[in-house]
Amino acid sequence: MASVLTGPDDRGRCAWVGDDAEYRRYHDEEWGTALHGDRALFEKMSLEGFQAGLSWITILRKRPRFREVFAGFDPALVAEFGEEDVERLMADAGIIRNRAKILATISNAALVREMADGELDALMWSFAPAASSRPRTFDDVPAVTAESTALSKALRKRGFRFVGPTTMYALMQSAGMVDDHVDGCWRASGR
């Protein structure tokens, strides 16, 4: 597989983007950009959990509906969801209807709500490597690292669910804790 593809705007991008316009926008504007804030990281953690076993583009296309039905991923509001809400979510074809993932999101929201303001952000970012080398090719991009494994263990110890090491590495990539834009990608240049 090629590591970089040239888009219709003549910019080289990480090849996983393919030719999908929404993926291009996500890659160019979000993926690998530092993301901070408990609410934003709770959303990212939740969506990455829903993504497990699926493609990210599926989640990305459903993200507006996820935001709508999960109260903008406000942990204080989501933590109050009850069985009626679970059934409402299970009936909503606009999201991923997986009971275990829905229940984990609600449970994780309650855990975030119990944390001090900024604590989730500080916890997650404490596992970002001090420095990482830029992957030259797509084959150089890991699925799991020591840091994502440690982050997963720390979150699980607190009771979080759907936060496995692979899921947490995907979060680290998308939230800019690591920069896995490959050589030749216009984002790798730091612009």
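Before going into details, it helps to say that this report is about the structure given with it. Please read these numbers as outputs of a predicted model, since none were measured by experiment. (Residues numbered from 1 in each chain as written. Predicted model: local features only at pLDDT ≥ 70, side-chain atom pairs only at ≥ 80, totals over all residues. Heavy atoms only, no water.)

Here we look at the packing of aromatic side chains
Selection criterion: To pair, rings of Phe, Tyr and Trp, with the six-membered ring standing in for Trp, must have centres within 6.5 Å; the planes then decide the type, stacked if under 30 degrees apart, edge-to-face if over 60, and tilted in the middle. For every residue, the accessible area (1.4 Å probe, protein chains only) is compared with the maximum for its type, and the residue is labelled buried under 20%, exposed over 50%, or partly exposed between those bounds. A positively charged side chain is recorded as over a ring if its NZ (Lys) or CZ (Arg) lies within 6 Å of the ring centre. The angle to the ring normal must also be within 35 degrees.
Counted under the stated rule, the structure contains 10 aromatic pairs. With 6.2 Å between their ring centres and 20 degrees between their planes, F66 and F70 make a pair best called stacked. Note on accessibility: F66 and F70 belong to one class, buried. One aromatic cluster is present, built from ring pairs that chain together F42, F50, F66, F70, F73 and F81. The positively charged end of R11 is found above the aromatic ring belonging to W186, 3.8 Å away from the centroid. A cation sits over an aromatic face here: R88 above F81, 5.3 Å from the ring centre.

Description of helix 8 (residues 146-157)
The condition that has to hold: The helix and strand labels rest on DSSP assignments: H or I over at least four residues marks a helix, E over at least two residues marks a strand, and numbering proceeds from the N terminus. An expected span of 1.5 Å times one less than the residue number is assigned to each helix. Regarding the arc, it is the one traced by the directions from the helix axis to the C-beta atoms. Residue contacts are defined here by distance: any two heavy atoms, one from each residue, within 4.5 Å place the two residues in contact.
Helix length check: helix 8, at 12 residues, gives a terminal C-alpha distance of 16 Å against a target of 16 Å (1.5 Å per residue), a fit within 8%. Those residues of helix 8 not exposed but buried are S148, L151, S152, A154 and L155. Mapping the buried residues of helix 8 onto a view down its axis gives an arc of 165 degrees, with all of them on the same face. Those residues of helix 8 that are exposed and aimed more than 90 degrees away from the buried face are A146, K153 and K157. Residues of helix 8 that are buried in the fold lie against helix 2 (38-51), helix 7 (119-125) and helix 9 (165-174).

What to know about the pattern of salt bridges
Note the threshold: When a carboxyl oxygen of Asp or Glu lies within 4 Å of a side-chain nitrogen of Lys or Arg, that pair is called a salt bridge.
Counted under the stated rule, the structure contains 18 salt bridges. The salt bridge partner of D85 is R88, with a shortest N-O separation of 3.2 Å. Taken together, the positions of D85 and R88, both in helix 5 (residues 83-90) and 3 residues apart, correspond to about one turn of that helix. Judged by its relative accessible area of 21%, D85 is partly exposed. Note on R88: relative accessible area 34%, which makes it partly exposed.

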